[in-house]
Each structure stands twice: as C-alpha cells, then as structure tokens.
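# A look at the structure
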Amino acid sequence: MKILILGGDGFCGWPASLHLSDIGHDVMIVDNLSRRRIDVELGVESLTPIATMEERLQAWSETGGRPIEFVNLDVAQDYDGLLELLQTQRPDAIVHFAEQRAAPYSMKSPRNKRYTVDNNTNATHNVLCALVDSGVDAHLVHLGTMGVYGYGTAGMKIPEGYLDVQVTTETGDQVDQKILYPTNPGSIYHMTKVLDQTLFAYYAKNDKLRITDLHQGIIWGTHTDQTLRDERLINRFDYDGDYGTVLNRFLMQAAVGYPMTVHGTGGQTRAFIHIRDMVRCIQIALENPPANGDKVKIFNQMTETHRVRDLAELIAKISDATVAYVPNPRQEAAENELHVTNDTFLDLGLNPTTLSEGLLIEVEDVARKYAERADLDKIPATSLWTAQQQPGVPEQLPVH
Ligand code: NAD
Ligand code: USQ
C-alpha cells in the first residue's frame, strides 16, 4: 500500500512509519515539525537524543529500509498543499497522528487552548475535506483517545465507540438504537478528539469515506524493533511536565532519583498500551478497513488498565525509587474504576506486551542510559486546569 503518515516525526508516528515501511509498504511522512518547535518554546528536549528528519531517513535507508519520503507541510493551515499532495500521490491509506496531543500543554493559557483547537480540528477537517475534494478513496486511520469517553462508566465495560440504547417513542414502543458513546473530555486537548469524532461520523455518512478511529490509551515504552537498528533512528521520550505521560515519567524519575510525582491520591485509573503494540495495531487497522458507506470503525487501542499510585508503587519496588504525593494540577476525578472492551484487536491477533515484561527493560535500557540528559527543573507539572489548582511540585526536591 502507499501510505501517508501525517505526524510521522512524532513519538507514535515515527515508529509506526518505520514498522509499516519494514513490512513492505510505501511510506511518505507529512509533518510540519511543530512538535520540535514546541520543545524549543518550552525549553525542553527529549530524554533520548533524536536525530533530524533528514538524518533519520538517511539512517533508515543505510540500514536497508525502503526509502521513506518526507514532506514538510502544515496539515491544519496549508489546505491547497494537502489537496495537491493527495491528487499527486493518490495514497491507499492515510494514518493521521498530526495533532497537538498534550493535555497539560492545551490547558496552559488561552493561546494554548486556541492553538490546540485550531490545529487539531482544522488538521482533521482538512484531511476529510481534501479526501472528498480529490476523489481519493483512501482509508483514513486516525489516532483518537480513550479520553473521549471520560474514565468512568455506570458499571459496565466501555464499549468500542458505540452504545446500544433503547428509547421509548411517543406511542410507548421500545426502539433499539446504536449511538456514539456519550463523551466526557477532561481537557481542551481531549475535547478536540471529541470534535474529531463528530467530523468522522458526518463524512462517513455524507461522503461514504472509509474511516477507522483508534481510541488509544496512554503509550509507554520507547523502542520498537526498527528504532533499535541504529541510534539515529531512536524514538523521542518526553518526560517534562507538559508532554511526559505518566508511566514514562515515573520510569525516568525513578532512573534519576526524583520522587515519583503522583497527582493527588493517585487513584486515577487509566488505560495503557506499549509502543510496540501501538505499531502492530496500526498495521491491523490498515489491514481491516471498513467498506464505503459503513459507519466509522472505532477500536479501543489499549491492553491494560492501572491505577496511577499502583504504577508508582510497582516501579518503586523494582528500582528503589520513592513516591511523592503532590497536589493535582488537573481537575479530574480523584479515584475512578475503568473497565474497557478491547476485543477487536485481540481477536485480530494482537499479542500484548505486558507491564511485567517491559518495565525493567525501560528503566535500564532507556531511562538510566540517558539520565544525564535530564533537566530536573522541567519535571514538575505546572499547567493548571483552573485557578484553584496547585502545581504538581514535590515539597522536598531530591538531593543529588
Ligand atoms: P507527538 O506530538 O509526538 O507527534 C505528533 C506529530 O504531529 C508531531 O511530529 C508534530 O510535529 C505533528 N503535527 C502536529 N500538528 C501538525 C500539523 N498541523 N501539520 C503537520 N504535522 C503536525 O504526539 P504522539 O504522542 O506521537 O501522538 C500522536 C497521536 O496519537 C496524537 O493525535 C495523539 O492524540 C494520539 N495519542 C497519543 C498517545 C500518547 O500516549 N502519546 C495516547 C493516545 C493517543
Ligand atoms: N499523572 C500523575 N503524575 C504525573 C503525570 C500524570 O499522577 O507526573 C496523572 C494525571 O493526573 C492523570 C494520569 O496520570 O490522571 C494520566 O496523565 P498522562 O499525562 O499520562 O495522560 P493524559 O493527559 O490523559 O494524555 C496522554 C497523552 C494523550 C492521550 C491520552 C490517552 O498525552 O495524547 O490521548 O494519554 S488517555 O489518557 O487514555 O485519554
């Protein structure tokens, strides 16, 4: 297949591009490198030393990979460029990772809120509009989030996108309906994924576009088989208070001797998936497209659920790290249960990497190896959801 990877320079997009190239697809990366500019804006760097896009692609060819092309294009702002790209490339599939994906970054200021809504909804709408405009019948696979559902239920498992409901008509008859699961986003970022979901439903209905939306949990891990082939292919590892996600942050904090920053009671339960499983899921989704006229296929892309404080305690056991319970900078439920259906990927052959297999390897091979690159001042989460929240700063900073 000829596949465009929108956002192919990012944490998920880069290893997904290499994996798809490795199994024989023609891959073209489209990215405006905005994530690298945000690193500069925040004064942070990936814990791992990431090479430039040019160096990455050269290293991939030198290690025997099928050449990958790169186009520097802003999917949200350059509609004409995107349309021309679709008209000339006529891809079989598009994988859409190209959004601002950090909840804390999206909540930092009015500017950040507006940028996140503008970038994410325009990027998604431009892709949909350009598919119709160009007449290209490509399968669109989008990376959504578990956060569209919120993280609690009325006691059942969260289904894959759709909820079966029964409504009572005016005449008293019972009618069965399948509706999009009610949304409950917890940040401006998560809200943009809710807006995306509505755009997809409309274009699948009106224009019969073939769309798969992957409601993904929190990714952990760094390396995939392909990113390990050469140090220039290394994937990014975010640990700062805006972009670092909880499990990778705890692994890094444990490696540098910084008390693990559990927000509040740590009773928040979230869904997780290893980065190696993420690339497999993208492959599986591409191999199982919906038909024209089908409603949007929604898969829950997660393999395990864990409570934040349990993760911290688990890592403390394997690494002698300490835990700091810090004020929660976010507005979110202090404690929640989370049960999620993920049968589609398991039925289609996903064999998950479990936390118990992968954790120690990450601490040793990534977090400790690059620990000297860490800037400890960038660890605290300082983006506040409301004026009433407090920054997530440990009371006693570690002594080094
Ligand atoms: P990332 O920020 O590392 O990568 C996103 C990439 O998209 C970056 O390279 C960025 O430069 C590019 N981009 C952003 N806006 C663009 C635009 N307008 N035009 C062109 N390129 C643009 O993020 P990630 O962690 O790789 O996440 C990728 C997708 O997966 C996101 O949509 C995110 O919401 C979703 N997701 C991520 C996680 C996670 O834990 N990382 C979990 C669930 C879902
Ligand atoms: N948390 C801590 N300590 C930390 C960092 C986070 O306790 O140092 C807590 C947060 O308060 C939250 C939970 O851990 O309760 C998860 O936070 P996170 O930053 O790991 O995840 P989140 O903000 O939800 O966002 C990440 C990705 C996003 C993706 C989402 C999937 O950045 O792109 O959509 O995970 S999900 O969480 O399933 O919605």
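Structure: see above.
Residues numbered from 1 in each chain as written. Chains lettered and ligands numbered in written order. Predicted model: local features only at pLDDT ≥ 70, side-chain atom pairs only at ≥ 80, totals over all residues. Heavy atoms only, no water.

## Structural notes on the site of ligand 1
Close to ligand 1 lie 28 residues, the nearest being Cys12, Asp31, Asn119, Tyr189 and Lys193. Contact distances for ligand 1 include 3.1 Å between an oxygen atom and a backbone N or O atom of Ser34. Take Ile219: an N or O atom from its main chain is 3.0 Å from an oxygen atom of ligand 1. Counting only elements with at least two residues in the shell around ligand 1, the list comes to helix H2 (34-42), strand E5 (139-145), helix H7 (188-206) and strand E9 (218-220). Tallied by class, the residues present in the shell around ligand 1 amount to 12 nonpolar, 8 polar and 8 charged. (Near = heavy atom within 4 Å. Polar contact = N/O pair within 3.5 Å; in protein donor to acceptor, adjacent residues only side chain to side chain. Helix = DSSP H or I, 4+ residues; strand = E, 2+ residues; numbered from the N terminus. Nonpolar A, V, L, I, M, F, W, Y, C, P; charged D, E, K, R; others polar.)

## A closer look at the site of ligand 2
The local shell around ligand 2 holds 23 residues, among which Tyr189, Val246, Thr261, Arg330 and Glu332 are the closest. At 2.8 Å, a side-chain N or O of Thr145 approaches an oxygen atom of ligand 2. Counting residues per element, the ones that place at least two in the shell around ligand 2 are H7, helix H8 (246-256) and strand E10 (260-263). Its residues assigned to classes, the shell around ligand 2 comprises 9 nonpolar, 9 polar and 5 charged.

## Points about the side chain of Gln216
Topologically, Gln216 is positioned in strand E8 (residues 211-216). Using a relative accessible area of 8% as the deciding quantity, one classes Gln216 as buried. Setting aside anything within four residues of it in sequence, one finds Gln216 in contact with Cys12, Leu143, Gly144, Thr145, Met146, Ile273, Met278 and Gln301. (Buried < 20%, exposed > 50% of the residue type's maximum accessible area, 1.4 Å probe, protein only. Contact = heavy atoms within 4.5 Å.)

## Describing empty space enclosed by the protein
This model, assessed by the stated rule, comprises 1 cavity of 30 Å³ or more. The volume enclosed by the largest cavity comes to roughly 40 Å³. Forming the walls of the largest cavity are Phe11, Arg101, Asp238, Tyr243, Gly244, Thr245 and Asn248. (1 Å grid on protein atoms, 1.4 Å probe; cavity = no way out; pocket = protein on both sides within 12 Å on 5 of 7 lines; lining within 4 Å. Points joined across faces, edges and corners; volume = space filled by probe spheres on them.)

## A closer look at the pattern of salt bridges
Enumeration over the complete set of coordinates arrives at 21 salt bridges. Ionic pairing is found between Asp39 and Arg236, a salt bridge with its closest N-O pair at 2.5 Å. Highlighted residues: Asp39 in helix H2 and Arg236 in the loop between E9 and H8, separated in sequence by 197 residues. Here Asp39 and Arg236 have matching classes, each one buried. The structure contains a network of salt bridges with shared partners spanning Arg35, Asp39, Arg101, Arg236 and Asp238. (Salt bridge = Lys/Arg side-chain N within 4 Å of Asp/Glu carboxyl O.)

## Some details on the pairing of E8
Burial analysis of E8 places 6 of its 6 residues in the buried class, the great majority of the element. Burial of E8 is two-sided: the residues Ile211, Asp213 and His215 facing one way and the residues Thr212, Leu214 and Gln216 facing the other way are all buried. Alignment of E5 against E8, held across 6 bridges, turns out to be parallel. Bridging from a neighbouring strand, Thr145 pairs with Gln216 of E8. (Pairing = 2+ DSSP bridges.)

## Notes on the sheet that holds strand E4 (residues 93-96)
Strand order across the open sheet formed by 7 strands is E3-E2-E1-E4-E5-E8-E12, with parallel pairing between neighbours. Of all strands in the sheet, those bounded by a partner on one side alone are strand E3 (69-72) and strand E12 (297-301). On average, adjacent strands in this sheet sit at an angle of 20° to one another, irrespective of strand direction. Sheet topology note: the strand E1 (residues 2-6)/strand E2 (residues 26-31) ladder contains 5 bridges and is parallel. Paired with Leu4 across the bridge in E2 is Met28. This element, helix H3 (residues 53-62), spans E2 and E3 of the sheet and lies at about 170° to E3. (Axes fitted to C-alpha atoms, helices over the stretch in contact; angles between N-to-C directions.)

## Observations regarding the sheet that holds E9
Pairing within the open sheet is mixed, and its 3 strands lie in the order E9-E11-E13. At either margin of the open sheet sits one strand with a lone partner, and together these are E9 and strand E13 (304-307). Here the strands of the sheet are splayed against their neighbours by 45° on average, with no regard to which way each runs. Along the sheet, helix H10 (residues 308-319) makes contact with strand E11 (269-274) and E13, crossing E13 at roughly 85°. Sitting on the sheet, helix H12 (residues 355-368) is in contact with E9, E11 and E13, with an inclination near 55° to E9.

The quantities given are spatial measurements derived from coordinates; they are silent on function.
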